[in-house]
Number of protein chains: 2
Amino acid sequence: MPQTTGFLHMVYFWGREGADPGDAAKLAEGARTHLPGIPGVLRLEVGFPAGSKRAVVDNSYAIALLVEFADAAAEEVYQNHPDHQRFIAECSQYWSRVQVYDSVLPAAS
Amino acid sequence: MPQTTGFLHMVYFWGREGADPGDAAKLAEGARTHLPGIPGVLRLEVGFPAGSKRAVVDNSYAIALLVEFADAAAEEVYQNHPDHQRFIAECSQYWSRVQVYDSVLPAAS
């Protein structure tokens, strides 16, 4: 990694009720197409529910998105970037709800 | 990273109502003390709410924990490891609710 990660942007997308089973794959493809090239993105991962059996684990989402940045300013650039807007415009048809957790990592970690 | 990450274990902890403001730091310290040395942990990060202003972002949690593994089997080892049990025994006093999302990453990512 060329730069130290200091900011985790974690997004969980839930599909629409009665959604086509292929929607999650389309959403994943849209994320991979539009988002990794945005300046400041140090790492981008698209994950799918692991199906863990423990009660505390939520497997109901369609895809998870982990995007790492150096800092909050870099995440702000990403939010406002045309490619991010394009992702939303083209792919929001595939989700009904989004839950976001943004975390800062202490400098020492 | 010595091995390719294929599994993200993402945990959000909420503090108890009326909790001491230092509880989040104690929880973070407990995670950093007990968890990174468990076999199979490729990466462990403890994050704090970034305070992002957008409505879709949940800043109400106390700490976020990202743990990366090669695969689901490695995460299972972690769940059952005595050091993980020790973390729960010593630190569960600092949380009221835990939300977990486990994600598998496609091999190509």
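Data block above holds the structure.
No experiment lies behind these values; they were computed from the predicted model shown.

Some details on the relation of the copies chain A and chain B
Now for step 1: When chain A is fitted to chain B, the best match, at an RMSD of 0.0 Å, comes from turning it 180° and sliding it 0.0 Å along the axis. Given the turn and translation reported, the copies of this chain are related as if by a two-fold rotation axis. Taking C-alpha positions as the reference, the residue of chain A nearest the rotation axis is Met10 of chain A, at 4.5 Å.
Now for step 2: Residue by residue, 100% of the interface of chain A is reproduced at the interface of chain B, so both copies engage with the same surface.

Topic: the environment of Ser96 of chain A
Residues and elements named next belong to chain A.
Now for step 1: Mapped onto the fold, Ser96 is located in the loop between α3 (82-91) and β4 (97-104).
Now for step 2: For the pair Ser96 and Asp58, spaced 38 residues apart in sequence, the C-alpha separation works out to 16 Å.
Now for step 3: Within the local environment of Ser96, its side chain forms a polar contact with the backbone oxygen of Gly15, the two atoms lying 2.9 Å apart.

Focus on the packing of helix α1 (residues 23-34) of chain B against helix α3 (residues 82-91) of chain B
Residues and elements named next belong to chain B.
Now for step 1: Contact pair α1 / α3: the axes reach a minimum separation of 9 Å and the direction vectors enclose 160°. Classified by the angle their axes make, α1 and α3 are roughly antiparallel. For α1 against α3, the interelement crossing comes out right-handed. Taking contact as the criterion, the partners of Leu27, Gly30, Ala31 and His34 in α1 are, on α3, Asp83, Arg86, Phe87, Glu90 and Cys91.
Now for step 2: Its residues assigned to classes, the contact of α1 with α3 shows four nonpolar, two polar and three charged.

Quick notes on the packing of aromatic side chains
Each aromatic ring pair is characterised by the separation of its centres together with the angle its planes make.
Now for step 1: Per the counting criterion, the structure on display carries 24 aromatic pairs over all chains.
Now for step 2: Taking the centre distance of 6.2 Å and the plane angle of 90° together, the rings of Phe13 of chain B and Phe87 of chain B count as edge-to-face. Taken together, the positions of Phe13 of chain B in strand β1 (residues 7-14) and Phe87 of chain B in helix α3 put the pair 74 residues apart, joining distant regions of the chain. Each of the two residues, Phe13 of chain B as well as Phe87 of chain B, counts as buried.
Now for step 3: Cluster of aromatic residues (ring-pair linked, three or more members): Tyr12, Trp14, Tyr61 and Tyr101 of chain A together with Tyr12, Trp14, Tyr61 and Tyr101 of chain B.

Topic: the interface of chain A and chain B
Now for step 1: Contacts between the two partners involve 36 residues from chain A and, on the opposite side, 36 residues from chain B.
Now for step 2: A buried area of about 2,800 Å², summed over both sides, lies between chain A and chain B, and 54% of it is on carbon and sulfur atoms.
Now for step 3: Across the chain A-chain B interface, the total number found is four salt bridges.
Now for step 4: One can count 19 residue pairs in polar contact (both at pLDDT 80 or more) joining chain A with chain B.
Now for step 5: Grouping the amino acids of the side of chain A that touches chain B by side-chain chemistry returns 20 nonpolar, eight polar and eight charged.
Now for step 6: Pairing of strand β2 (residues 43-49) of chain A with strand β4 (residues 97-104) of chain B, which is carried by two bridges, proceeds in the antiparallel orientation.

Structural notes on the environment of Val11 of chain B
Residues and elements named next belong to chain B.
Now for step 1: Topologically, Val11 is positioned in strand β1.
Now for step 2: Judged by relative accessible area, Val11 falls into the buried class, the value being 4%.
Now for step 3: Here the alpha-carbon distance between Val11 and Val46, two residues 35 residues apart in the chain, equals 9.7 Å.

Comments concerning the pairing of β1 of chain B
All names here are of chain B.
Now for step 1: Within β1, eight of the eight residues are buried, which leaves it mostly tucked inside the rest of the structure.
Now for step 2: Inspection of the sheet shows β1 paired to strand β3 (residues 63-69) by seven bridges, in the antiparallel sense. Across the sheet, the residue bridging to Val11 is Leu65, located in β3.
Now for step 3: Direction of pairing for β1 relative to β4: antiparallel, over a ladder of eight bridges. Pairing of Tyr12 across the sheet is with Gln99, part of β4.

Regarding the environment of Ser92 of chain A
Now for step 1: Tracing the backbone through its elements, the reader meets Ser92 of chain A in the loop between α3 and β4.
Now for step 2: With residues near it in sequence (within four places) discarded, Ser92 of chain A still touches Arg16 and Phe87 of chain A.

Basis of the calculations
Residues numbered from 1 in each chain as written. Chains lettered and ligands numbered in written order. Predicted model: local features only at pLDDT ≥ 70, side-chain atom pairs only at ≥ 80, totals over all residues. Heavy atoms only, no water. Least-squares fit on C-alpha atoms with pLDDT ≥ 70 in both. Contact = heavy atoms within 4.5 Å. Helix = DSSP H or I, 4+ residues; strand = E, 2+ residues; numbered from the N terminus. Polar contact = N/O pair within 3.5 Å; in protein donor to acceptor, adjacent residues only side chain to side chain. Axes fitted to C-alpha atoms, helices over the stretch in contact; angles between N-to-C directions. Parallel < 35°, antiparallel > 145°, perpendicular 65-115°, else oblique. Left-handed = near helix turned anticlockwise from the far one by under 90°. Nonpolar A, V, L, I, M, F, W, Y, C, P; charged D, E, K, R; others polar. Phe/Tyr/Trp six-rings, centres within 6.5 Å; stacked < 30°, edge-to-face > 60°. Buried < 20%, exposed > 50% of the residue type's maximum accessible area, 1.4 Å probe, protein only. Buried area = accessible area lost by both parts, 1.4 Å probe. Salt bridge = Lys/Arg side-chain N within 4 Å of Asp/Glu carboxyl O. Pairing = 2+ DSSP bridges.

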